[in-house]
Amino acid sequence: MARPFAAFIGALLLCATAHATLVALVPSNDGLLVAADSRITFLGAECDGAFKIIEPARPMRTVALVTGESIFVSPPPAGAANLCRYVETAPRRLNFDTLVRSYLERSADDPTQLDFDGLSAACVRQVERFRQTYSQALRAFVGRDIFSVVVASYDPASQTSLLRNFVVGIDARTHHAGAVRFTETAVSPHDPRGVWLYGETSYVDRYVYAGFGRQFLSPATIGFLRTRIPVRDTSIDQAAAVAANIVHAASRATQTVPAPSGIGGPIRVVLLGDNPQPESVPWVTPPTDR
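Because the structure is predicted, anything quoted here is derived from the model rather than measured.

A. Quick look at the nonpolar core. Grouped together as the largest cluster of nonpolar side chains are 30 residues, with contacts concentrated most on Leu-33, Val-204, Val-208 and Val-269. Of all the elements in the fold, those that place two or more residues in this core are β2 (22-28), β3 (31-36), α5 (201-209), α6 (219-226), α7 (236-254) and β12 (268-272). Element by element, the count of residues in this core is highest for α7, at 10 residues. Not counting the four nearest positions on each side in its chain, Leu-33 is found in contact with Ala-24, Leu-25, Val-26, Ser-28, Ile-236, Ala-239, Ala-240, Val-269, Val-270, Leu-271 and Val-281. Among the nonpolar cores identified, the runner-up in size contains 29 residues, and Val-66, Leu-114, Cys-123 and Ile-146 belong to it.

Structure representation (structure tokens):
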């Protein structure tokens, strides 16, 4: 058995953790609420407590999140007893959370001045350098996404939330890294309220919104999703409760049907509002129908 295990570890020369898995963003009348879970999966182990909301010093009123395979680490030694403890301190060969934070903090205070194309290009360059040195480590991602970057900002003057996103993957034809599926969404106080999800969105659509996990959504959250009310009529407390409840419901659902990447652990909610830096927002697990 030792030889097949060694071959398995060798194939995972630089294995990746599924870092950020589910993020919910909900605009309100006084700011943008961002909720994220704290679970990573590493070689099948589910590890909690890895808070995923990146809070850079600049731009102001901005956070970022990296969903998917954002960290590549050296493989654990044979017989490692605690994979979660190992991945906390394992040497990083690639760390896109760190790259995104560093890039954002070199930007101007005004989030609208952020060179988003420059950020995506920096991510692609890092993947390409890694691919040229460790080509086998990325072979499994040919024709697939590796990770996604979300940058969310809030402008208190116009009360507008700005959500930007791109995905980095390996092209099936060229085998080179590239950034694709750029989106930019501005949500004003007059727009219909809603929830913007990143990460395990297909899982939420199938098993939470339209599946058995709906039982874990509170009546208030279901009403929120069904009703077209302007953002200006949505309070911070409402938005925080809905964002957290959706992430919590997905976490509960994974106890029955596991998600491709683990969803779970403590949930963190932050507000992008009048203050230049994000503020932590407390939330309470709401009662559900069942």
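Continuing now.
B. A look at the sheet that holds strand β13 (residues 279-280). Taking strand neighbours across the sheet as the criterion, the 5 strands line up as β11-β2-β3-β12-β13 in an open arrangement whose pairing is antiparallel. The open sheet has two free edges, formed respectively by β11 (196-199) and β13, since each of these has just one partner strand. In the sheet, β12 pairs with β13 via 2 bridges, with the strands oriented antiparallel. Residue pairing for β13: Leu-271 is matched across the bridge by Glu-279. Those strands touched by α5 are β2 and β11, and its axis lies near 120 degrees from that of β11.

C. Structural detail: the packing of aromatic side chains. In the structure shown here, the tally under the stated rule is 8 aromatic pairs. Aromatic pair Phe-116 and Phe-166: ring centres 5.3 Å apart, planes at 70 degrees, arrangement edge-to-face. You can see Phe-116 sitting in helix α4 (residues 116-133) and its partner Phe-166 sitting in strand β9 (residues 160-170), a full 50 residues away along the chain. Each member of the pair Phe-116 and Phe-166 is classed as buried. Put simply, the rings of Phe-72, Phe-130 and Phe-141 touch in pairs and so form one group of aromatic residues. The positively charged end of Arg-164 is found above the aromatic ring belonging to Phe-116, 5.5 Å away from the centroid.

D. Focus on unusual backbone geometry. Note that the residue after Arg-58, namely Pro-59, is joined by a cis bond; omega there is -5 degrees. If you check the backbone angles, Gln-159 has positive phi at about 55 degrees while not being a glycine. Its place among the elements puts Gln-159 in the loop between β8 (145-155) and β9. Unlike most non-glycine residues, Arg-181 shows phi in positive territory, near 50 degrees.

E. How the structure looks around the side chain of Ser-153. Within the secondary structure, Ser-153 is located in strand β8. Within the structure, the side chain of Ser-153 is placed 2.9 Å from the side chain of Thr-62, a separation counted as a polar contact. Apart from residues no more than four positions distant in its own chain, Ser-153 is found in contact with Leu-32, Arg-61, Thr-62, Pro-111, Thr-160, Ser-161, Leu-162, Arg-164 and Leu-272.

F. Representation of the environment of Pro-156 within the structure. For Pro-156, the position within the fold is in the loop between β8 and β9. The spacing of Pro-156 and Arg-193 is 37 residues in sequence and 17 Å in space, taken between C-alpha atoms. For Pro-156, the residues in contact, after removing those within four places along its chain, are Arg-61, Gly-273 and Asp-274.

G. Just the pairing of β2, in detail. Within β2, 7 of the 7 residues are buried, which leaves it mostly tucked inside the rest of the structure. Side-chain alternation along β2 places Leu-22, Ala-24, Val-26 and Ser-28 on one buried face and Val-23, Leu-25 and Pro-27 on a second face that is also buried. Across 4 bridges, β2 lies against β11 in antiparallel orientation. Bridging from a neighbouring strand, Leu-22 pairs with Gly-199 of β11. The sheet contact formed by β2 and β3 spans 6 bridges and is antiparallel. Among the inter-strand pairings, Val-23 is bridged to a residue of β3, identified as Ala-36. The turn joining β2 and β3, which pair antiparallel and follow one another in sequence, is formed by 2 residues.

H. Geometry of α4. Here α4 is 18 residues long and its end C-alpha atoms lie 26 Å apart, about the 26 Å a rise of 1.5 Å per residue gives. Where α4 is concerned, the buried positions are Phe-116, Gly-118, Leu-119, Ser-120, Ala-122, Cys-123, Val-124, Val-127, Glu-128, Phe-130 and Arg-131. In the core, the buried residues of α4 are packed alongside β6 (62-73), β7 (92-95), α3 (96-105), β8, β9 and β10 (177-187). Structurally, the start of α4 carries an N-cap: the backbone nitrogen of Asp-117 is 3.4 Å from a side-chain oxygen of Asp-115.

About the thresholds
- Residues numbered from 1 in each chain as written.
- Predicted model: local features only at pLDDT ≥ 70, side-chain atom pairs only at ≥ 80, totals over all residues.
- Heavy atoms only, no water.
- Core = buried A, V, L, I, M, F, W, Y, C linked by side-chain atoms within 4.5 Å.
- Buried < 20%, exposed > 50% of the residue type's maximum accessible area, 1.4 Å probe, protein only.
- Helix = DSSP H or I, 4+ residues; strand = E, 2+ residues; numbered from the N terminus.
- Contact = heavy atoms within 4.5 Å.
- Pairing = 2+ DSSP bridges.
- Axes fitted to C-alpha atoms, helices over the stretch in contact; angles between N-to-C directions.
- Phe/Tyr/Trp six-rings, centres within 6.5 Å; stacked < 30°, edge-to-face > 60°.
- Lys NZ or Arg CZ within 6 Å of the ring centre and 35° of its normal.
- Polar contact = N/O pair within 3.5 Å; in protein donor to acceptor, adjacent residues only side chain to side chain.
- Expected span 1.5 Å × (residues − 1).

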